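Residue-level structural notes
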Amino acid sequence: MRGGDAGDTPSGTAEAGGSAEGGQRMDVETGGEAEGKIDEGLYNRQLYVLGHDAMRRMAQANVLLVGLGGLGMEIAKDLALAGLKSLSLHDPKPAEWFDISSQFYVTESDLGKSRAEVSAVQLGELNPNTRIDVIEGNVGLDDLKRFNLVICSDTIFGECVQVNDACRE
């Protein structure tokens, strides 16, 4: 890694310890208090491309993903692997036959169940460092304020405009 040893923290001091894979862990600072660790062995490629500052921000990010069709599921997988603090899923639509071909966590036994519920367990297994939540029922515009990022997939345009306006207030 350029700019120092793989175990260097942003302040330049090496930190003891590591992950099960032998990777170093980096403190994630929030207001002077350590909130968690970033596993440099797990996220080494992202750290190389994005840098420590971006990874610290991602490790503190709360993201809401609305819609878990084929595209939404791919986004959810990528976000879960990215190392977010939390990923909240909202999709009141039940799994249907056509979802089996595009939403890779839906099986025949899941037909009729919430696409978000069906996907949450498997997404959580991809990265135990990212908390996966399912939001059931309606999401009010005031509820959006607790998220750093809201992504709408498989959503009608009018709802996307409302979400956009609420997020920009």
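So, a few notes on the structure that sits alongside this text. Along each chain, residue indices are assigned from 1 in the same order as the chain's sequence is written. Local features in this predicted model are restricted to residues whose pLDDT is 70 or higher, and side-chain atom pairs enter the listing and the counts only when it is 80 or higher, whereas totals over whole chains, interfaces and linings include all residues. The basis for the side-chain values is all heavy atoms of the structure; hydrogens and waters are excluded.

Some details on the overall build of the protein
When its secondary structure is counted, the protein shows 6 helices and 6 strands. By sequence separation, contacts in the protein at least 24 residues apart represent 52% of the contacts at least 6 residues apart. A total accessible area of about 9,700 Å² is found for the protein, and carbon and sulfur atoms account for 51% of it. Secondary structure elements are defined from DSSP: runs of H or I of at least 4 residues count as helices, runs of E of at least 2 residues count as strands, and each element is numbered from the N terminus. Contact between two residues is taken to exist if any of their heavy atoms lie within 4.5 Å; hydrogens are not considered. To measure how exposed things are, a 1.4 Å probe is used in the Shrake-Rupley method; for residues, cover is taken only from the protein chains shown.

Focus: the sheet that holds strand β5 (residues 131-134)
What makes two strands pair is DSSP finding at least two bridges between them. Ordered by their spatial adjacency, 4 strands build an open sheet running β5-β4-β3-β6, and the pairing between neighbours is parallel. With one partner strand each, in any of the chains shown, β5 and β6 (149-152) form the two edges of the open sheet. On average, each strand axis in the sheet is inclined to that of its neighbour by 20°, with strand direction left out of account. Here 5 bridges tie strand β3 (residues 62-66) to strand β4 (residues 86-90), and the two strands are oriented parallel to one another. Note that in β4 the partner of Val63 across the bridge is Leu87. Axis geometry follows a simple rule: fit a line to the C-alpha atoms, using only the stretch in contact for helices, then measure angles between N-to-C directions, giving values from 0 to 180 degrees. Docked against the sheet, helix α5 (residues 115-126) engages β4 and β5, running at close to 175° with respect to β5.

Quick look at the pattern of salt bridges
By convention in these notes, a salt bridge is any Lys or Arg side-chain nitrogen within 4 Å of a carboxyl oxygen on Asp or Glu. Per the counting criterion, the structure on display carries 11 salt bridges. Here Asp142 makes a salt bridge to Lys145, at a shortest N to O gap of 3.6 Å. Each member of the pair, Asp142 as well as Lys145, is classed as exposed. Using a 1.4 Å probe on the protein chains alone, a residue whose accessible area is under 20% of its type maximum counts as buried, one over 50% counts as exposed, and one in between counts as partly exposed.

Here we look at the side chain of Thr130
Its place among the elements puts Thr130 in the loop between α5 and β5. Any N or O atom pair separated by 3.5 Å or less is treated as a polar contact, with the protein-specific requirement of one donor-capable and one acceptor-capable atom, and with residues adjacent in sequence counted only for side-chain atom pairs. Only 3.3 Å separates the side chain of Thr130 from the backbone oxygen of Ala80, close enough to count as a polar contact. Excluding anything up to four places from it in sequence, Thr130 contacts Ala80, Gly83, Leu84, Lys85, Ser86 and Leu87.

Thoughts on the packing of helix α3 (residues 70-82) against α5
At a minimum axis distance of 8 Å, the contact between α3 and α5 shows a crossing angle of 35°. Remark: the crossing between α3 and α5 carries right-handed chirality. In contact with Met73, Ala76, Lys77, Ala80 and Leu81 of α3, α5 contributes Ser119, Leu123 and Leu126. For the contact of α3 with α5, the per-class residue count stands at 6 nonpolar, 1 polar and 1 charged. Note on convention: the crossing is left-handed when the near helix lies turned anticlockwise from the far helix by less than a right angle, right-handed when the turn is clockwise. Gly falls in the polar group here, along with every residue not listed as nonpolar (Ala, Val, Leu, Ile, Met, Phe, Trp, Tyr, Cys, Pro) or charged (Asp, Glu, Lys, Arg).

Observations concerning the environment of Glu125
By secondary structure assignment, the location of Glu125 is in helix α5. Glu125 gets classed as exposed once you look at its relative accessible area, which sits at 60%. Residues Glu125 and Ala80 lie 45 residues apart in sequence; the distance between their C-alpha atoms is 9.3 Å.

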